[in-house]
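Chains, contacts and geometry: an overview
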Amino acid sequence: MRDINLPLPVARAMLRPIFRVTLNERMPWRWQRLLLDVGSRAQLLPAGTAVRKLRLGGRPAEQISAGSQSPRGATARGAILYLHGGGYAVGSLATHRSLAARLAHETGCTVYVLDYRLAPEHPFPAGLDDAELAFLELVESVGYRPDNIALAGDSAGGGLSLATAQRLLAQHGHTPAALGLIAPWADPNQIPERHRDLVINKPWSRACAAAYLGNGDSTDPGYAPLTGELRGLPPTYVQVDTSELLYSQCTELVAALRAAGVQVRFAETQGLWHVAQLQAALVAPAAAVLTELAEFLREAIQPASARDLG
């Protein structure tokens, strides 16, 4: 990995003004998206990463793999469908390419990153519909088994991953291999207790929630999957930093998953920030926690016994 290990205080000092300017409810969505895409250029890809453009579920997507990974063996190793964060209103293939590339290298699996439709132009359930169709295409056209595909995502993408797993189970009988959730926004109805953390702030998050809901029903579990059916979901790993606005919501989700009989792993970091995994190429502790997620997903997609047979 081509990494730069910035001290945490330096990284925080650099990121704070960037997010205060970029994630601002007064700034048009298109400008927020543009600024985030430009900033993503600082997030380096691991050497040897292969990125292929394609369409998945009718939407633009990227297939990301380690350069040494042969296409013939990719389906046997399994896949990760990654749903990016950004409050359902911002974020893109570019902003999450580095994170997805690290997952591809550390799991040995192909990672598919989906450019699902964003609010306010395309409110709920557009993004959920896109994620559902993408997963089904990986099964029906690409040839993966449902239990060889993990769903992963951060923030809003984490909530979308949870909602997608619920819909796949209820409507198609498909259970993904695992859920990897980085600070998942599992209930946009909940209002943060504090004004902001290093990355997100309450006015911006409320603007995102309203944009995503549109004229929809806020009680729909597809919009707020924390309120939906959790029984039968696959093994789930939730990561969050204790400083985040979403920390209490993540602990509530973990408790609800455990009460529903779901196998859950929960990691609470201290001193990082909301989805610091995006800066894994710049900050060693963020890289370490992303590696833990990769190890969990790799084992869930292809257990050790199956890997040994291969």
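1. Let's talk about the pairing of strand E4 (residues 110–114)
Burial runs high along E4: five of the five residues are buried. Burial along E4 is two-sided: the face carrying Thr110, Tyr112 and Leu114 and the face carrying Val111 and Val113 are both buried. With four bridges joining them, strand E2 (residues 59–66) and E4 adopt antiparallel strand pairing. When the bridges of E4 are listed, glutamate 62 appears paired with valine 113. Where strand E3 (residues 79–83) meets E4, five bridges bridge the pair, whose relative direction is parallel. By the bridge assignment, alanine 79 is partnered in E4 with threonine 110. In this region the chain leaves E3, passes through helix H4 (residues 97–107) and returns to the parallel neighbour E4; the handedness of that crossover is right-handed.

2. Some points on unusual backbone geometry
Residue proline 120 follows alanine 119 across a cis peptide bond; omega there is 0°. Cis geometry is found at the peptide bond from phenylalanine 124 to proline 125, where omega equals 10°. Its location among the elements puts proline 125 in the loop between E4 and helix H5 (126–142). Its identity is not glycine, yet valine 275 carries a phi of approximately 50°, on the positive side. According to the relative accessible area criterion, valine 275 is buried, its value standing at 3%.

3. Quick notes on the state of the cysteines
Think of a disulfide as a covalent bridge from one cysteine sulfur atom to another cysteine sulfur atom. The full count for this structure, using the stated rule, is zero disulfides. We note that cysteine 250 lacks a disulfide partner, and the nearest cysteine sulfur, in cysteine 208, lies 16 Å from it.

4. Digging into the confidence of the model for the protein chain
Taken as a whole, the protein chain shows an average pLDDT of 94; of its residues, 94% reach a score of 70 or greater. Note on residues 305–310: pLDDT is under 50 here. Beyond four places in sequence and across chains, it has three contacts.

5. Considering the packing of aromatic side chains
Under the defined criterion, the tally for this structure stands at seven aromatic pairs. An aromatic cluster of three or more residues is present, and its members are Tyr88, Phe124, Trp185, Tyr212 and Tyr223. Positioned over the ring face of tyrosine 237 is arginine 265, at 4.5 Å from the centre of the ring.

Thresholds, definitions, all that
- Residues numbered from 1 in each chain as written.
- Predicted model: local features only at pLDDT ≥ 70, side-chain atom pairs only at ≥ 80, totals over all residues.
- Heavy atoms only, no water.
- Buried < 20%, exposed > 50% of the residue type's maximum accessible area, 1.4 Å probe, protein only.
- Helix = DSSP H or I, 4+ residues; strand = E, 2+ residues; numbered from the N terminus.
- Pairing = 2+ DSSP bridges.
- Right-handed = clockwise from strand over helix to strand, strands pointing away.
- Disulfide = S-S within 2.5 Å.
- pLDDT = per-residue confidence, 0-100.
- Contact = heavy atoms within 4.5 Å.
- Phe/Tyr/Trp six-rings, centres within 6.5 Å; stacked < 30°, edge-to-face > 60°.
- Lys NZ or Arg CZ within 6 Å of the ring centre and 35° of its normal.

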